[in-house]
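Listed below are the residues making up each chain.
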Amino acid sequence: MHPAQKLSKRGLRLAGLVVAVVLIAVVVIGLITRATQASNLKTWTQEQAVPTVSVITPEPGSKGPVLDLPGRLEAYVRAPIYAQVSGYLKDWKTDIGAPVKAGELLGEISTPEIDQQLLQARADLASAKANADLAAITAKRWQAMLGSDSVAQQDVDQRTGDYAAKVALMNAAQANVDRLEATKAFARLVAPFDGVVTARDTDVGALINSGGGTGPELFVVSDIHKLRVYVQVPQAYGPSIRPGSDAVLMVPEYPGREFHAQVIATSNAVNASSGTTLVQLMVDNADSKLMPGSFAHVRFSLPVDTAALRVPASSLIFDNAGLRVATVDGDNKIAFKTVSIMFDYGKTVEIGSGLTSGDRVIDSPPDGIKNGDAVKIASDNATAKPHEKA
């Protein structure tokens, strides 16, 4: 065989071997790539099967809850004026809304019957005084005659005793006059203190019957420079509202305006029918903007409860197992905890029991998670605070 032919065959064999090696390498590389892709796909699938969650750490609130309750306003002092004598109303001097001073005349009752009784009593007093004067002169004369033994001691004693009886009758007549004069004075209806006339339920010529507090109120005088505010506070919040606590009042006639009040007393008792305790506040009303008898919203800022923790409302789970939150334990597995809500702030809630400050609570837990499921924690949310998540 010619040497050139031998070289040609050897080159062909070498080329074929190179092609075979290349083909084998391509096949091997393809198999390795496919195996790697399959492994990566399996790993990715497994990773996608573990949900990624955002967690927050419960923390105490910076401000306490706000308690908004209805209340009613009352005058600092309110005095209904009743008639203590019978008659007809002669006239009235002040109408509703009029400011009055202590002792100022509100109205006057015509009392002709008492006037006649007073005239008779004064006449009886004059008669009793004349009898007493005569008895005094007689007793004095008999005492003088006793020194000359012209009369007996018994007769002198009788005249002295008669004088003492006449003096007693005179004193009784004087007391009757004083009584009627005092009764007549009640015909003048006067203001008991500085204030405002807040009611007038009578008019000229009206028949007035005495009866103390059982009859109708003729006038009402109220001191409104300060007002008392009465609020029924639920029993659970009673210990948090004590004398000296501040509150804010809002009334419908002044929308957006706030009035500041202070607790001055509590009843220290719970009403069995309503489960509330009565709280009394005082509000300044020097400008007379507030009116007694009106309705008010009373807002109390309660103290911060350091034992209560706040979490976003989106972290709560409510199902047939009750109210719960999902937490992540040290092994990054789900652990459900039953909790109770102390106060609802809308976007956040205050947890009363069931959580500790070191728990990692899942915000917006995904559906279908179960106790013990493994989860991944999103690194950018791992240290998120409740207010940041909310």
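Residues numbered from 1 in each chain as written. Predicted model: local features only at pLDDT ≥ 70, side-chain atom pairs only at ≥ 80, totals over all residues. Heavy atoms only, no water.

How should I be thinking about the sheet that holds strand 19 (residues 348-353) in this particular structure?
To summarise the sheet geometry, strands pair through backbone hydrogen bonds and adopt either a parallel or an antiparallel arrangement. One open sheet accounts for three strands, arranged 14-19-18; its pairing is antiparallel. Two strands lie at the open edges of the sheet, namely strand 14 (309-312) and strand 18 (340-344), each paired on one side alone. Between one strand and the next, the sheet's axes are offset by a mean angle of 40°, whatever the strand orientation. For strand 14 and strand 19, the ladder comprises four bridges, and the chain directions are antiparallel. Following the sheet pairing, P312 is matched in strand 19 by T348. (Pairing = 2+ DSSP bridges. Helix = DSSP H or I, 4+ residues; strand = E, 2+ residues; numbered from the N terminus. Axes fitted to C-alpha atoms, helices over the stretch in contact; angles between N-to-C directions.)

Looking at this model, I keep getting lost on the confidence of the model for the protein. Mind explaining?
Low pLDDT marks regions whose predicted coordinates should not be analysed in detail. In this model, the protein carries an average pLDDT of 83, and 87% of its residues clear a pLDDT of 70 or more. By mean pLDDT, the top-scoring element of the protein is strand 12 (residues 276-284) (95), and the lowest-scoring one is helix 4 (residues 386-389) (43). Confidence drops under a pLDDT of 50 for residues 380-390, and excluding neighbours within four residues, the segment shows 24 contacts in the predicted structure. (pLDDT = per-residue confidence, 0-100. Contact = heavy atoms within 4.5 Å.)

Which parts of the structure should I look at to understand the pattern of salt bridges?
A pair can form between side chains of opposite charge whenever their charged atoms are brought close. Considering all chains together, one arrives at 11 salt bridges under this definition. The residue K337 makes a salt bridge to D359 at a minimum N-O spacing of 2.9 Å. Within this pair, whereas K337 is found in strand 17 (residues 334-338), its partner D359 is found in the loop between strand 19 and strand 20 (361-363), the two being separated by 22 residues in sequence. Judged by its relative accessible area of 25%, K337 is partly exposed. According to the relative accessible area criterion, D359 is buried, its value standing at 10%. (Salt bridge = Lys/Arg side-chain N within 4 Å of Asp/Glu carboxyl O. Buried < 20%, exposed > 50% of the residue type's maximum accessible area, 1.4 Å probe, protein only.)

Sorry, what's going on with unusual backbone geometry here?
Excluding glycine, most residues fall at negative phi; most peptide bonds, likewise, are trans. Notably, S288 is not glycine yet its phi reads approximately 60°, a positive angle. Position of S288 relative to the elements: it lies in the loop between strand 12 and strand 13 (295-301). Positive phi outside glycine occurs at N332, with the angle close to 55°. Locating N332 in the fold gives a position in the loop between strand 16 (322-328) and strand 17. Accessibility expressed as a relative area gives 30% for N332, which makes it partly exposed.

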